[in-house]
Amino acid sequence: MADIIDLSLLADSRRYLSKLLDTRGLSYFLQKEGARLFHLEPTKVELVLRTALRSREGTLPKPHPKAIDHCRKEIRRELIRRVASAMLQTGL
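Because the structure is predicted, anything quoted here is derived from the model rather than measured.

### Concerning the overall build of the chain
Next up, step 1: The helix and strand tally for the chain stands at three helices and zero strands.
Next up, step 2: Its helices and strands in sequence order give the chain the pattern α-α-α, from N to C terminus.
Next up, step 3: When its C-alpha atoms are laid out on the principal axes, the chain stretches across 45 × 30 × 25 Å.
Next up, step 4: Within the chain, counting contacts between residues at least 6 apart in sequence, those at least 24 apart form 70% of the total.
Next up, step 5: Accessible area for the chain stands at about 6500 Å²; split by element, carbon and sulfur atoms hold 56% of it.
Next up, step 6: Of the charged side chains in the chain, 18 are positive and 11 negative, and the gap between their average positions amounts to 2 Å.

What follows is the structure, given as structure tokens:
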């Protein structure tokens, strides 16, 4: 079975992620406490995903669960890429 990707959901989630990164910064998505220094907080990733899901028009069908999982992975990948880039810039 082919993977199902909802491009409108992916575009919306990227747009909300970009807005949050512009307003709050990358540190908003990182855990403030714990042993791991650069650990993503899962609730913040879910916040982006829930916001993208709520913003969809009521006429659109509910996205497939695999499309939601793919979108979650893409958000995490983008955040990991940005954290790695920030680490390289600071020399860690």
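So that's the structure; there's more coming.
### Thoughts on the pattern of salt bridges
Next up, step 1: Applying the stated criterion across every chain yields a total of seven salt bridges.
Next up, step 2: Ionic pairing is found between Arg-72 and Asp-69, a salt bridge with its closest N-O pair at 2.7 Å. Of the two residues, Arg-72 and Asp-69 both sit in helix α3 (residues 65–90), three residues apart, roughly one turn of that helix.
Next up, step 3: What makes Arg-72 partly exposed here is its relative accessible area of 25%.
Next up, step 4: Judged by its relative accessible area of 36%, Asp-69 falls in the partly exposed class.
Next up, step 5: A salt bridge links Arg-81 to Glu-78, with the nearest nitrogen and oxygen atoms 2.7 Å apart. Remark: Glu-78 and Arg-81 occur in helix α3; sequence separation between them is three residues, near one turn of the helix.
Next up, step 6: Beyond isolated ion pairs, a larger network of salt bridges with shared partners links Arg-14, Glu-74 and Arg-77.

### Concerning the packing of helix α1 (residues 7–24) against helix α2 (residues 42–54)
Next up, step 1: α2 packs onto α1 with a crossing angle of 125° between their chain directions and a minimal axis gap of 9 Å. Considered as vectors, α1 and α2 are oriented oblique to each other. In this structure, the crossing between α1 and α2 has a hand that is right-handed. Of the residues in α2, those in contact with Leu-9, Asp-12, Ser-13, Tyr-16, Leu-17 and Leu-20 of α1 are Leu-47, Val-48, Thr-51, Ala-52 and Leu-53.
Next up, step 2: The residue makeup of the contact of α1 with α2, split by class, is eight nonpolar, two polar and one charged.

### Concerning the side chain of Arg-56
Next up, step 1: Note on placement: Arg-56 falls in the loop between α2 and α3.
Next up, step 2: Judged by its relative accessible area of 14%, Arg-56 is buried.
Next up, step 3: A distance of 3.1 Å separates a polar side-chain atom of Arg-56 from the backbone oxygen of Pro-61.
Next up, step 4: Those residues in contact with Arg-56 that sit more than four places away from it in its chain are Asp-6, Ser-8, Leu-9, Asp-12, Pro-61 and Pro-63.

Criteria and cut-off values
- Residues numbered from 1 in each chain as written.
- Predicted model: local features only at pLDDT ≥ 70, side-chain atom pairs only at ≥ 80, totals over all residues.
- Heavy atoms only, no water.
- Helix = DSSP H or I, 4+ residues; strand = E, 2+ residues; numbered from the N terminus.
- Contact = heavy atoms within 4.5 Å.
- Areas by Shrake-Rupley, 256 points an atom, 1.4 Å probe, with all protein chains shown as cover.
- Lys, Arg positive; Asp, Glu negative; His and termini not counted.
- Charge placed at Lys NZ, Arg CZ, Asp CG, Glu CD.
- Salt bridge = Lys/Arg side-chain N within 4 Å of Asp/Glu carboxyl O.
- Buried < 20%, exposed > 50% of the residue type's maximum accessible area, 1.4 Å probe, protein only.
- Axes fitted to C-alpha atoms, helices over the stretch in contact; angles between N-to-C directions.
- Parallel < 35°, antiparallel > 145°, perpendicular 65-115°, else oblique.
- Left-handed = near helix turned anticlockwise from the far one by under 90°.
- Nonpolar A, V, L, I, M, F, W, Y, C, P; charged D, E, K, R; others polar.
- Polar contact = N/O pair within 3.5 Å; in protein donor to acceptor, adjacent residues only side chain to side chain.

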